[in-house]
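The lines below spell out each chain.
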Amino acid sequence: MNRIIKKAAVIGSGVMGSRIACHFANIGVKAILLDIVPSALNDKETQQGLNLSDKKVRNRIVHDALQTAISSNPSPIYRKAFADRIRIGNLEDDLELLKDCDWIIEAVTERIDIKQQVYEKIEAHRKPGSLITTNTSGIPITALAEGRSDDFKKHFCGTHFFNPPRYLQLLEIIPSPNTSPEVIQFFSSYGEKYLGKVVVPCNDTPAFIANRIGVYSIQALFHLISELGLSVEDVDKLTGPVLGRPKSATFRTCDVVGLDTLVHVARGVHEHCPNDEARNVFAIPSFIQHMVDQKWLGDKTKQGFYKKIKNEKGESVILSLNLQTLEYGEQKKSKFTTLEATKAIDSLTQRMPMLYNGSDKAGEFYKKAFSGLFAYVSNRIPEISSSIHSIDAAMRAGFGWQLGPFEVWDSIGLAKGVDDARKHGHTVATWMDEMLANGFTSFYRMNEGIEECYNPISKKYEPLPGSNHISAPSKLPASSQLWTNGACSVRHLGDGILCCSWNTKMNTIGGEVLEGLNKAIDIAERDYRGLVIYNEGENFSAGANVGMIFMFAAEQEYEELDIAVRYFQKTMMRMRYSSIPVVGAPHNLTLGGGCELNLHVDKVVAHAELYMGLVEFGVGVIPGGGGTKEFALRTSDSFREGDIRINTFRDRFLTVGQAKVSTSAYEAFDHGYLRPGIDEVVVSRRLQLSCAKEACLQLADAGYTQPLPRKDITVLGSQALGIVYAGTNSMYSGHYISEHDKHISEKLGYVLAGGDLSSPTQVSEQYLLDLERKAFLELCAQRKTLERMQSLVTKGKILRN
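This structure is a prediction, so every number in the text was calculated from the model and none was measured. (Residues numbered from 1 in each chain as written. Predicted model: local features only at pLDDT ≥ 70, side-chain atom pairs only at ≥ 80, totals over all residues. Heavy atoms only, no water.)

## A short note on the overall build of the protein chain
Piece 1. Looking only at helices and strands, the protein chain has 32 helices and 25 strands in total.
Piece 2. Relative to a compact globule of 801 residues, whose C-alpha radius of gyration would be 28 Å, the protein chain shows 29 Å and is just as compact.
Piece 3. Taken over 801 residues, the protein chain has a buried fraction of 55%.
Piece 4. Taking contacts inside the protein chain between residues at least 6 apart in sequence as the whole, the part at least 24 apart equals 70%.
Piece 5. Put simply, the protein chain shows about 34,300 Å² of open surface, and 50% of that area lies on carbon and sulfur atoms.
Piece 6. If you average the places of the 90 positive and of the 93 negative side-chain charges in the protein chain, the two averages end up 2 Å apart. (Helix = DSSP H or I, 4+ residues; strand = E, 2+ residues; numbered from the N terminus. Rg over C-alpha atoms; globule rule 2.2 N^0.38 Å. Buried < 20%, exposed > 50% of the residue type's maximum accessible area, 1.4 Å probe, protein only. Contact = heavy atoms within 4.5 Å. Areas by Shrake-Rupley, 256 points an atom, 1.4 Å probe, with all protein chains shown as cover. Lys, Arg positive; Asp, Glu negative; His and termini not counted. Charge placed at Lys NZ, Arg CZ, Asp CG, Glu CD.)

See below:
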């Protein structure tokens, strides 16, 4: 069946429901959001003379919930205007709206009786064949569907989104015995391609996969910290970025999610899983129960494991909870020898064994924590899933772990993990012994360029789902690599399309990366059809290596700096004017030089989560790698007959001058970083590289012709400069900007205006690049600029290759 989701309904407008509706709006689907009718007027409604029959009152709950979601930070929506795609209503007046919906999601409170009452209403109004799902976090799917028609049951399953739905990629799909296989197959495809999710099928067991494993891990730490005498700060130091996990680590995560939510899941597992060998781990420790009784639930009650207060000086201070005295006190810095020894190791898979084998208290903590986790996940197969890969994928996408538990186990060594788990009194699943006895020494392996995972059921390695897609350059066979200089690599994606990628700190751009970009163009122009620029890691690129620029400027090596800036500019122009199509595929942070690179490619295939901007102003310079030139060019191209040109100029000037960074790929269009009708957005990060490759092929197949350098860029000259100078003088006189900020702003305006020309004039790109480079070098020589750079370098905010 060729299903198309044109309209979706979400019933229940709480924290999850309203944000799920927003995410449907994000991808262009019309959404209906319904909730209950208030039982009484509030004070404001009484003062306005409203009554319970007024529509404004009847929709108050859903209206307020949606507005709260839209105004929250981070935003659940890609662009504020997308909220217009959501229609609100209530469960008494607007149920007839369900008849046109292709997918209806129930997201009401976690009570089976209330959910079943909602299903009765849904069934009375839905069209046959429409999809119905629940966002329950643990109520059995089979029990929820009791009493419903065969058509309802056939099209019903669990779709467990994680909060916040826009940002957390996991979507757990939980079928009942009555769910049609076609429905599960549809959700698996639609969830990834359109919602951008990592879709993981789960068995219908308490807490499903991610919460079952994640809450076990947290509960185990609750029991372990008293044994080892660790503090809240210690545990968060040990379980955060050093393990490839979020900065919120363990206790800060508990505060964000809410301790009551965690306790609810733990009690559910403890109650409904009597045969779980680690059932006692889910028992609530006394200090946690005390916190719940005192309503110390985290952010929602203003205190949990951490508490923000004002000190006697009126400054904000964050205190931490002493788990022995249950009193708040000043945070103490945690320091462990093992962590210090691994600081220089960027590779997480190389770092893990060193952490695990540490000889101090940190090493003891890791051994005990991971030994229990290894045993626990081994025993969850096939209970919660028969797939090792599914469990790892769920933890990566739902809890933000860079490595799932089986991937960590691979880095430690299977046999060692089994032995250590048993030494610490844990029971490891028998299939592990059989696996080792058969000579299998890892859960994952590469086989002729295809990534495979061991299947405990079939007792053999099988290709990972979706292995037909190119999800990352590093997963290509070694034979695909055509060139590398250590920092940057050029690989063949197939069909004549190359990929250039690099792996510097924060993927910053320095000399080796520029060398790689030029080499990629050389190879592609000689023997291939096109080039995709794509990076792995958390961010596309945090920008140029400003630490190197600071070094040149501080030592007054201005000739060297001039050569470096020219090289960067020429490399960007090669991206624009090569004889083969070049496609950029940015994601997450794409700042400074990373933004400039994507401003110069033929087409951008951006991930929806794109935080893109020209942020050089904050360092004390203007964009010097072609970014200022490009904004002058795009300003010229946006001039229309009858427009007031100076307004267009002002908007572009403020975008760069205020270092605006997009909060999504769609906002990048609004800021002028992406081009309507040329650049495109994909929601699935895993499919982004394949989409970029396809876009590059389409350009090549269409008969790509090398463009000619532009000489027709209209700049406004003194007309625009007058506005710039008047504005900066006004801001400076009003003490809104410093004298140095005024100077930078005037340099930026000078380049965007094309210099002090007497009238609007057409100029070339090279003319603007020369102005840009001259202004950049002059600003680098300013004492205030050097002070800014030095301050940032000292604080570690500027990363060197």
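Structure shown, so let's carry the discussion forward.
## Focus: helix α18 (residues 405-412)
Piece 1. Counting buried residues in α18 gives seven out of eight residues, a clear majority hidden from the surface.
Piece 2. Among the residues of α18, P405, F406, E407, V408, W409, S411 and I412 are the ones counted as buried.
Piece 3. Summarising the contacts, the buried residues of α18 are in contact with α15 (348-356), α16 (361-379), α17 (388-399), α19 (414-423), α20 (430-437) and β12 (444-447).
Piece 4. One or two steps after α18, the chain reaches G413, where phi turns positive at roughly 115°.

## Some points on the packing of aromatic side chains
Piece 1. Applying the stated criterion across every chain yields a total of 34 aromatic pairs.
Piece 2. Both rings, one in W103 and one in Y190, keep their centres 6.1 Å apart while their planes meet at 75°; by these two values the pair is edge-to-face. With W103 in strand β4 (residues 103-106) and Y190 in helix α8 (residues 181-193), this pair connects stretches of sequence that are 87 residues apart. Y190 shares its class with W103; the two are buried.
Piece 3. Here the aromatic rings of W431 and F443 are separated by 6.4 Å at their centres, their planes lie at 65°, and the arrangement is edge-to-face. With a gap of twelve residues between them, W431 in helix α20 and F443 in the loop between α20 and β12 connect regions that are remote in the sequence. We note that W431, like F443, is buried.
Piece 4. Following the ring pairs from residue to residue traces out a cluster consisting of F365, Y366, F370, F374, F406, W409, W431, F440, F443, Y454 and Y461.
Piece 5. Positioned over the ring face of F82 is R85, at 3.9 Å from the centre of the ring.
Piece 6. Above the ring of F152, the side-chain terminus of R148 is found at 5.8 Å from the ring centroid. (Phe/Tyr/Trp six-rings, centres within 6.5 Å; stacked < 30°, edge-to-face > 60°. Lys NZ or Arg CZ within 6 Å of the ring centre and 35° of its normal.)

## Describing empty space enclosed by the protein
Piece 1. Counted according to the given criterion, the structure contains two cavities of 30 Å³ or more.
Piece 2. Considering only enclosed or pocket space, the largest cavity measures out at about 120 Å³ in volume.
Piece 3. Lining the largest cavity, in full, are Y216, S217, A220, L221, T239, L243, R245, F365, Y366, A369, F370 and L373.
Piece 4. Mapped onto the lining of the largest cavity, the elements with two or more residues apiece are α9 (210-228) and α16.
Piece 5. If one sorts the elements of the lining of the largest cavity by residue count, α16 sits on top with five residues.
Piece 6. Counted by class, the lining of the largest cavity contains nine nonpolar, two polar and one charged residues.
Piece 7. In this structure, the second largest cavity spans a volume of roughly 40 Å³.
Piece 8. Looking at the lining of the second largest cavity, the elements with two or more residues in it are α25 (627-637) and β24 (713-715).
Piece 9. For the lining of the second largest cavity, the leading source of residues is α25, giving three residues.
Piece 10. Per-class residue counts for the lining of the second largest cavity are six nonpolar, three polar and no charged. (1 Å grid on protein atoms, 1.4 Å probe; cavity = no way out; pocket = protein on both sides within 12 Å on 5 of 7 lines; lining within 4 Å. Points joined across faces, edges and corners; volume = space filled by probe spheres on them. Nonpolar A, V, L, I, M, F, W, Y, C, P; charged D, E, K, R; others polar.)

## Quick notes on the environment of D712
Piece 1. By secondary structure assignment, the location of D712 is in the loop between α28 (685-701) and β24.
Piece 2. Given the relative accessible area of 35%, D712 is considered partly exposed.
Piece 3. With sequence-adjacent residues up to four places away left out, D712 is seen in contact with S636, Q762 and V763.
Piece 4. A polar side-chain atom of D712 sits 2.5 Å from a polar atom in the side chain of R710. (Polar contact = N/O pair within 3.5 Å; in protein donor to acceptor, adjacent residues only side chain to side chain.)

## Details of a negative patch on the surface
Piece 1. Taken together, the side chains of E555, E557, E559 and E560 make up a negatively charged region of the molecular surface.
Piece 2. If you trace the backbone, E560 turns up in helix α23 (residues 558-576).
Piece 3. Residue class for E560 comes out partly exposed when judged on its relative accessible area of 40%. (Patch = residues over 30% accessible without salt bridge, like charges linked within 9 Å, V, L, I, M, F, W, Y side chains within 5 Å. Salt bridge = Lys/Arg side-chain N within 4 Å of Asp/Glu carboxyl O.)

## Concerning the pattern of salt bridges
Between side chains of opposite charge, pairing is possible as soon as their charged atoms come close.
Piece 1. Under the criterion given, the structure shown has 55 salt bridges.
Piece 2. Here E680 makes a salt bridge to K603, at a shortest N to O gap of 3.2 Å. With E680 in strand β23 (residues 680-682) and K603 in strand β21 (residues 603-607), this residue pair connects regions lying 77 residues apart in the sequence.
Piece 3. Of the residues examined, K603 reaches a relative accessible area of 14% and is grouped as buried.
Piece 4. With a shortest N-O distance of 2.9 Å, E765 and K629 are connected by a salt bridge. Here the residue E765 occupies a position in helix α31 (residues 765-780), and K629 occupies one in helix α25, the gap between them amounting to 136 residues.

## Quick notes on unusual backbone geometry
Piece 1. Here the residue pair N73 and P74 is connected by a cis peptide bond, since its omega of 5° sits within 30 degrees of zero.
Piece 2. In this structure, P164 follows N163 across a cis peptide bond, with omega equal to 0°.
Piece 3. Mapped onto the elements, P164 comes out in the loop between β6 (156-161) and β7 (170-175).
Piece 4. A positive phi angle is found at A249, which is not glycine, with a value near 50°.
Piece 5. In this structure, A249 sits in the loop between α10 (232-238) and α11 (251-257).
Piece 6. A positive phi angle is found at N507, which is not glycine, with a value near 55°.

## Some details on α23
Piece 1. When the terminal C-alpha atoms of α23 are compared, their 27 Å separation across 19 residues agrees well with the 27 Å that a helix rising 1.5 Å per residue should span.
Piece 2. What α23 keeps buried is the set L561, D562, V565, F568, Q569, T571, M572, M573, M575 and R576. (Expected span 1.5 Å × (residues − 1).)

## Quick look at the side chain of S501
Piece 1. Inspection of the secondary structure puts S501 in strand β17 (residues 497-502).
Piece 2. Under the relative-accessibility criterion, S501 is labelled buried at 8%.
Piece 3. Beyond its immediate sequence surroundings of up to four residues, S501 is in contact with P473, A487, C488, S489, R491, Y534 and N535.

## Structural notes on the sheet that holds β4
Piece 1. What the eight strands build is an open sheet, ordered β3-β2-β1-β4-β5-β6-β7-β8; its pairing is mixed. Across the chains shown, the open sheet's two edge strands, defined by having one partner strand only, are β3 (86-90) and β8 (198-201). Within the sheet, the average angular offset between the axes of one strand and its neighbour, ignoring direction, is 25°.
Piece 2. Note that strand β1 (residues 7-11) and strand β2 (residues 30-35) share five bridges and pair parallel. Opposite A9, over in β2, you have I32 as the bridge partner.
Piece 3. Contacts between helix α1 (residues 15-26) and the sheet are confined to β1, β2, β3, β4 and β6, with β2 contributing the most and set at about 165° to the helix. (Pairing = 2+ DSSP bridges. Axes fitted to C-alpha atoms, helices over the stretch in contact; angles between N-to-C directions.)

## Examining the sheet that holds strand β11 (residues 327-330)
Piece 1. Across the sheet, three strands lie side by side as β9-β10-β11; this open sheet has antiparallel pairing. In this open sheet, the two strands that pair with only one neighbour each are β9 (306-310) and β11. On average, each strand axis in the sheet is inclined to that of its neighbour by 45°, with strand direction left out of account.
Piece 2. Alignment of β9 against strand β10 (residues 316-322), held across five bridges, turns out to be antiparallel. Looking across to β10, one finds that Y306 is bridged to S320.

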